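Architecture and fold: a report
These are the residues of each chain, in order.
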Amino acid sequence: MAKRAKRKKTEALALPVAGRVAIGAVAAVALGYGLLWRPASVQPTRKQAAHQVPAPSSPSPSSPAPSAPVRVAAPVQAPAPAPVPIPVPAPARIETPKVADAPGKFVRQVVDYASHQTPGTVVIDTGNTFLYLVLNDGQAMRYGIGVGREGFTWSGEQTVARKTEWPDWRPPAEMISRQPYLPRFMAGGPGNPLGARAMYLGETEYRIHGTNKPDTIGKRVSSGCIRLTNDDVVDLYDRVKVGAKVIVLPAQAARRPSQGAPPYTASTQDPASLSNQPSATNVQLLSPRPKMADAQ
């Protein structure tokens, strides 16, 4: 009896629990179906933009007059910042080339020069302040020179007796008597009036030499010596050999040649004939003054 009563009690409790489980299952299925199923006719509504104004509908006779349309201002854009100027670097200064110390026509150059002299012969055109180094029978290297001032010019033929680099200068007694302020001796160097090179002419005190005053090229300023710029005298020094013939044309007989013409023509005296003139040293002074070494 006790077992039967206990069984009935258990069955009575089990029925309500089964009902609860079934009801929960049905509810879960219904909820899931509701979430998954959606009617096709339902369309999602778009949210109207805030700045759009719906078009007014046509008023009916019974409706009141429409109010003035509302104007929506366009959004104000902030002005773009002004561009910051980029600093442009100043252009670099271009140094202009320095002009030559001597005038342009006295620049060293090869020119047409008709001569029957041996290549290596030096011809000095005193009147036109040019020195020609004969290269061949049709060309010569031309240099601008400074020559003796009035009363100190001379002409004739000599030879290069010796050559010296950066020569010392010893003014002769005749020059010191006229210019007592001159030094008795000056060592060779950039400040020496004889310049970078000197070529001594025979037994005379005349020389072809450089100068520390290139602005005197083309002028008559010396005491009879022939001066070139230091650059030109170095070039001539390397080309001229000891024993080379040097022909000095007289100043009054020389006339300025045309472009490419030699400093003398058939109508003038050929410089080679100057060697036939009688002279103890084969040099003709064109003034009664004695020969002087060149000074500044």
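For every chain, the first residue of its written sequence is number 1, and the numbers climb from 1 along that sequence. Owing to the predicted nature of the model, reporting of local features is limited to residues with pLDDT of at least 70; listing and counting of side-chain atom pairs is limited to 80 or more, with chain, interface and lining totals taken over all residues. Side-chain metrics rest on all non-hydrogen atoms present in the structure, leaving aside hydrogens and water.

So, the overall build of the protein chain
Broken down by element type, the protein chain carries 3 helices and 12 strands. Residue burial in the protein chain is summarised as follows: out of 296 residues, 34% are buried. Residue contacts are counted whenever heavy atoms from the two residues lie within 4.5 Å of one another. In the protein chain, of all internal contacts separated by at least 6 residues, the share reaching a separation of at least 24 is 67%. Accessible areas in this description were obtained via Shrake-Rupley with a 1.4 Å probe; residue shielding takes into account the shown protein chains only. A total accessible area of about 19,700 Å² is found for the protein chain, and carbon and sulfur atoms account for 59% of it. Secondary structure is summarised from DSSP: a helix means a run of H or I of at least four residues, a strand means a run of E of at least two, and numbering begins at the N terminus for each. Type-normalised accessible area, obtained with a 1.4 Å probe on protein chains alone, sets the label of each residue: buried when under 20%, exposed when over 50%, and partly exposed for intermediate values.

Here's the deal with unusual backbone geometry
With the exception of glycine, the majority of residues adopt a negative phi angle, and the majority of peptide bonds are in the trans configuration. In this structure, Thr-129 takes a positive phi of about 55° despite not being glycine. Mapped onto the elements, Thr-129 comes out in the loop between strand E2 (122–125) and strand E3 (130–134). With relative accessibility at 3%, the residue Thr-129 sits in the buried group. For Trp-166, which is not glycine, the phi torsion reads 45° and is therefore positive. Position of Trp-166 relative to the elements: it lies in the loop between strand E6 (154–165) and helix H2 (173–178).

Remarks on the confidence of the model for the protein chain
Any segment with low pLDDT has predicted coordinates that should not be analysed in fine detail. The quantity called pLDDT is the predictor's confidence in a given residue, expressed from 0 to 100. Averaged over the protein chain, the pLDDT score is 73; the fraction of residues at 70 or greater is 57%. Below pLDDT 50 for its whole length, residues 92–102 participates in 2 contacts with residues either more than four positions away or in separate chains. Predicted confidence for residues 254–296 stays below pLDDT 50, and this span has 109 contacts to residues more than four positions away or in other chains.

Here's the deal with the side chain of Asp-232
Within the fold, Asp-232 resides in helix H3 (residues 230–239). Since its relative accessible area comes to 8%, Asp-232 is described here as buried. If sequence neighbours within four positions are ignored, Asp-232 has contacts with Phe-106, Arg-108 and Tyr-143.

Notes on the pairing of strand E11 (residues 245–249)
With respect to burial, E11 is a largely interior element, 4 of its 5 residues being buried. Of the strand pairs in this sheet, E2 and E11 are connected by 4 bridges, and their pairing is parallel. Counted as the bridge partner of Asp-125 is Leu-249 from E11. Taken together, the 4 bridges between E6 and E11 define a ladder with antiparallel strand orientation. By the bridge assignment, Thr-159 is partnered in E11 with Lys-245. A pair of strands is labelled paired if DSSP reports no fewer than 2 bridges between them.

So, the packing of aromatic side chains
Under the pairing criterion, centres of Phe, Tyr and Trp rings, with the six-membered ring standing for Trp, must be within 6.5 Å; the plane angle then separates stacked pairs below 30 degrees from edge-to-face pairs above 60, leaving the rest tilted. Inspection of the entire model under this criterion finds 4 aromatic pairs. The interplanar angle of 55° and the centroid separation of 5.4 Å between the aromatic rings of Phe-106 and Phe-130 together place this pair among those described as tilted. With Phe-106 in the loop between helix H1 (2–36) and strand E1 (109–112) and Phe-130 in strand E3, this residue pair connects regions lying 24 residues apart in the sequence. What makes Phe-130 buried here is its relative accessible area of 5%. Ring plane angle 65° and centroid distance 6.3 Å describe the contact between Phe-130 and Tyr-132, whose orientation is recorded as edge-to-face. A network of ring pairs unites the aromatic residues Phe-106, Tyr-113, Phe-130 and Tyr-132 as a single cluster. One cation-aromatic arrangement involves Lys-163 over Tyr-237; the distance from NZ or CZ to the ring centre is 4.3 Å. Note on geometry: a ring has a charge over it if NZ (lysine) or CZ (arginine) is within 6 Å of the ring centre and within 35 degrees of the ring normal.

With respect to the environment of Ala-173
Along the chain, Ala-173 turns up in helix H2. A relative accessible area of 58% places Ala-173 in the exposed class. As for Ala-173 and Arg-184, which are separated by 11 residues in sequence, their C-alpha atoms are 9.1 Å apart.

Re the pairing of strand E4 (residues 139–144)
Where burial is concerned, most of E4 is hidden: 5 out of the 6 residues are buried. Sheet analysis places E1 next to E4, joined by 4 bridges and oriented antiparallel. For Asp-112, the partnering residue across the bridge sits in E4 and is Gln-139. Between E3 and E4, which pair antiparallel in sequence order, lie 4 residues.

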